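Next come the chains, spelled out residue by residue.
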Amino acid sequence: MVNEQVLIVIEDDSNIADLLDTYLRAAGFRVLLAATGGRGLELISQHAPVLAILDIGLPDIDGFDVCRAIREASTMPVLFLTARDGEIDRVLGLELGADDYVTKPFSPREVVARVKAILRRGQATVAADATVLTVGDDYEIDLPRREVRVKGNIVALATREFDLLAHLTRNQGIALTRQQLLDGVWGVDWYGDDRTVDVHVRQLRKKLGDDLPLATVWGIGYRLG
Ligand code: CA
């Protein structure tokens with residue numbers, strides 16, 4: 001197949017890397033393997049893969065720094081491999097724009113399913129979004145450019161923060177449950193919990209200021225406008 005999609009797996013544990021390589025290739029992807037963060041970044045700049053699967057504990061620079069470096073140049077989706085609960089909090093809390101994570105030990109089938117879901121979501125977003133949404137007089141959500149402007153000034157948001165804001169904006173005036181937000185933004189096949197939504201709402205409020213009419217609806221979830 002000529003047009004198979006290229007992924008990169010950045011993982012220093014060769015057993016895990018080989019396992020993922022086997023399953024991802026069986027699912028029709030081309031796979032680049034890197035055992036260090038530095039090598040991973042090099043391969044990314046050479047081959048421009050469509051998605052990165054990124055371990056956090058790497059021998060040279062850790063996965064958070066690799067993700068940061070990726071984000072300077074691209075919006076490529078990143079799926080984190082995490083080993084500990086503390087790492088999950090950092091994945092969710094840091095403004096890295098991680099698209100998803102799986103916790104070790106994981107099933108390689110699950111990783112393949114997540115990869116496919118992330119890539120599908122990316123395509124759906126491109127097709128559906130061709131407009132600029134507004135919230136009140138001050139907030140503009142420019143879907144084609146994936147840009148948020150507050151009184152005309154661009155505010156940088158992580159990938160999922162932007163998606164969450166866009167989803168809330170499309171449903172202005174409607175109280176949405178955390179589960180509805182998870183399904184709508186992260187996808188029904190995402191295994192995250194309510195905490196994910198809360199963390200991202202907190203970031204939106206922090207970055208977009210007190211004038212953003214994003215209300216907590218007790219016992220339900222959140223409502224914009
Ligand atoms: Ca590791």
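Residues numbered from 1 in each chain as written. Predicted model: local features only at pLDDT ≥ 70, side-chain atom pairs only at ≥ 80, totals over all residues. Heavy atoms only, no water.

## So, the overall build of the protein chain
Per the secondary structure count, the protein chain includes eight helices and twelve strands. Taking 17 Å as the expected radius of gyration for a compact globule of 225 residues, we find that the protein chain reaches 18 Å, a close match to that expectation. For the protein chain, the C-alpha atoms occupy an extent of roughly 50 × 35 × 30 Å along the three principal directions. Counting all 225 residues of the protein chain, 48% fall into the buried class. As displayed, the protein chain has an accessible area near 11,000 Å², and 50% of this comes from carbon and sulfur atoms. Charged side chains of the protein chain number 26 positive and 34 negative; the gap between the two group centres comes to 2 Å. (Helix = DSSP H or I, 4+ residues; strand = E, 2+ residues; numbered from the N terminus. Rg over C-alpha atoms; globule rule 2.2 N^0.38 Å. Buried < 20%, exposed > 50% of the residue type's maximum accessible area, 1.4 Å probe, protein only. Areas by Shrake-Rupley, 256 points an atom, 1.4 Å probe, with all protein chains shown as cover. Lys, Arg positive; Asp, Glu negative; His and termini not counted. Charge placed at Lys NZ, Arg CZ, Asp CG, Glu CD.)

## Topic: the pattern of salt bridges
On inspection of all chains with the given rule, the structure shows 15 salt bridges. Two residues, Asp100 and Arg114, come together in a salt bridge whose shortest N-O distance is 3.1 Å. Placement of the pair is Asp100 in strand S5 (residues 100–103) and Arg114 in helix H5 (residues 108–128), with a sequence separation of 14 residues. Across the pair, Arg114 and Asp100 agree in class, each one buried. (Salt bridge = Lys/Arg side-chain N within 4 Å of Asp/Glu carboxyl O.)

## What to know about helix H7 (residues 178–186)
Turning to H7, its buried residues number three or more, namely Leu181, Leu182, Val185 and Trp186. Considered in projection along H7, the buried side chains sweep an arc of 100° and stay on one side of the axis. Where H7 ends, the next residue or the one after it, Gly187, has phi of about 95°, a positive value. (Arc of directions from axis to C-beta.)

## Points about the environment of Gln203
Among the secondary structure elements, Gln203 is positioned in helix H8 (residues 194–208). For the pair formed by Gln203 and Ala158, sequence separation is 45 residues and the distance between their alpha carbons is 9.3 Å.

## Some thoughts on the domain arrangement of the protein chain
Many analyses report the size of an interface as the accessible area lost when the parts associate. Here the protein chain is partitioned into domain 1 (6–125) and domain 2 (130–224). Taken over C-alpha atoms, the centre of domain 1 sits 25 Å from the centre of domain 2. (Domains from an automatic or database assignment.)

## Some thoughts on the pairing of strand S2 (residues 30–34)
As paired elements, strand S1 (residues 6–10) and S2 share five bridges and run parallel to each other. In the sheet register, Ile8 faces S2, and the bridge partner there is Leu32. Between the parallel pair S1 and S2, the chain is carried across by helix H1 (residues 14–26), and the sense of this crossover is right-handed. (Pairing = 2+ DSSP bridges. Right-handed = clockwise from strand over helix to strand, strands pointing away.)

## A closer look at the coordination of the calcium ion
Bound to the calcium ion on the protein side are Asp12 (OD), Asp55 (OD) and Gly57 (O), at distances that span 2.2 to 2.3 Å. Summarised as a motif, the one-chain spacing of the donors to the calcium ion is D-x42-D-x1-G. With Asp12 in the loop between S1 and H1 and Asp55 in strand S3 (residues 51–55), this pair connects stretches of sequence that are 43 residues apart. (Donors = N, O, S within 2.8 Å, 3.2 Å for Na, K, Ca; no water.)

## Observations concerning the sheet that holds strand S12 (residues 221–224)
With antiparallel pairing, the three strands of this open sheet are ordered in space as S10-S12-S11. Either end of the sheet is taken by a strand with one partner, and the two such strands are strand S10 (176–177) and strand S11 (214–217). Bridge count for S10 against S12 is two bridges, and the pairing is antiparallel. Within S12, the position partnered with Leu176 by the bridge is Tyr222. Its contacts with the sheet place H8 against S11 and S12, and it is angled at close to 145° to S11. (Contact = heavy atoms within 4.5 Å. Axes fitted to C-alpha atoms, helices over the stretch in contact; angles between N-to-C directions.)

## Observations regarding the packing of helix H2 (residues 37–47) against helix H3 (residues 63–73)
Helices that pack against each other are described as a pair by the angle of their axes relative to one another and the distance between those axes. Across the interface, H2 lies against H3 with an axial gap of 10 Å and an inter-helix angle of 20°. Relative to H3, H2 is oriented roughly parallel. Of the two possible hands of crossing, H2 and H3 adopt the one that is right-handed. Of the residues in H3, those in contact with Gly37, Leu41 and Ile44 of H2 are Val66, Ala69 and Ile70. The residue inventory of the contact of H2 with H3, partitioned by class, reads five nonpolar, one polar and no charged. (Parallel < 35°, antiparallel > 145°, perpendicular 65-115°, else oblique. Left-handed = near helix turned anticlockwise from the far one by under 90°. Nonpolar A, V, L, I, M, F, W, Y, C, P; charged D, E, K, R; others polar.)

## A closer look at the sheet that holds strand S6 (residues 132–135)
Pairing is antiparallel in the open sheet, where four strands are placed in the order S6-S7-S8-S9. The sheet terminates laterally at S6 and strand S9 (153–155), the two strands that pair on one side only. Adjacent strand axes in the sheet meet at a mean angle of 30° when their direction is disregarded. Note that strand S7 (residues 139–142) and strand S8 (residues 147–150) share four bridges and pair antiparallel. The residue of S8 that forms the bridge with Glu140 is Arg149.

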